[in-house]
Amino acid sequence: MKIGDLVQPTADEFSAEFGVGIIVDIVDRQWNVDIGGYPPGGTTFKVMFKKDYSFFNDDELKLISES
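Scoring rules and cut-offs
Residues numbered from 1 in each chain as written. Predicted model: local features only at pLDDT ≥ 70, side-chain atom pairs only at ≥ 80, totals over all residues. Heavy atoms only, no water. Phe/Tyr/Trp six-rings, centres within 6.5 Å; stacked < 30°, edge-to-face > 60°. Helix = DSSP H or I, 4+ residues; strand = E, 2+ residues; numbered from the N terminus. Buried < 20%, exposed > 50% of the residue type's maximum accessible area, 1.4 Å probe, protein only. Lys NZ or Arg CZ within 6 Å of the ring centre and 35° of its normal. Patch = residues over 30% accessible without salt bridge, like charges linked within 9 Å, V, L, I, M, F, W, Y side chains within 5 Å. Areas by Shrake-Rupley, 256 points an atom, 1.4 Å probe, with all protein chains shown as cover. Salt bridge = Lys/Arg side-chain N within 4 Å of Asp/Glu carboxyl O. Pairing = 2+ DSSP bridges.

Explanation requested: the packing of aromatic side chains in the structure shown.
For any pair of aromatic rings, the description consists of the separation of the ring centres together with the inter-plane angle of the planes. Applying the stated rule across the entire model yields 6 aromatic pairs. Considering the side-chain rings of Phe18 and Phe49, the 4.7 Å spacing of their centres and the 35° angle between planes classify their relative orientation as tilted. Remark: Phe49 occurs in the loop between strand 3 (44-48) and strand 4 (53-57) and Phe18 occurs in helix 1 (residues 12-18); sequence separation between them is 31 residues. For Phe49, a relative accessible area of 6% gives the class buried. Residues Tyr53 and Phe55 carry aromatic rings whose centres are separated by 5.8 Å and whose planes lie at 85° to one another, so their mutual orientation is edge-to-face. Within the aromatic cluster, the residues linked to one another by ring pairs are Phe14, Phe18, Phe49 and Phe56. One Lys or Arg, Lys46, reaches over the ring of Tyr53 and ends 4.3 Å from the middle of that ring.

Hey, could you run me through a nonpolar patch on the surface in this one?
A cluster of nonpolar side chains, Leu6, Val20, Ile22, Val24, Met48, Tyr53, Phe55 and Ile64, forms an exposed patch at the surface whose accessible area comes to about 640 Å². Of all the secondary structure elements, the ones that give two or more residues to the nonpolar patch are strand 2 (21-27) and strand 4. With respect to the helices and strands, Tyr53 occurs in strand 4.

It is not clear to me how the pairing of strand 4 should be interpreted in this structure. Could you clarify?
Within a regular beta strand, the side chains point alternately toward one face of the sheet and then the other, so they alternate between its two faces. With 5 bridges joining them, strand 3 and strand 4 adopt antiparallel strand pairing. Bridged to Phe45 within strand 4 is Phe56. In sequence, strand 3 turns back onto strand 4 through a hairpin of 4 residues.

Shown next as structure tokens:
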């Protein structure tokens, strides 16, 4: 996935809440909820939705359409 791609959260509750969004930024680290921080590796995407933006890890998004 890259900037400009259309994506949707994989979790049903987030998919219903956010819908489809566009990747506007990529961070080369991934938030880890277990340690409450950014360990080395992974990717976090900033995704702009209709009402707001949110951050998702690479395994939390499904690609809808490439830019």
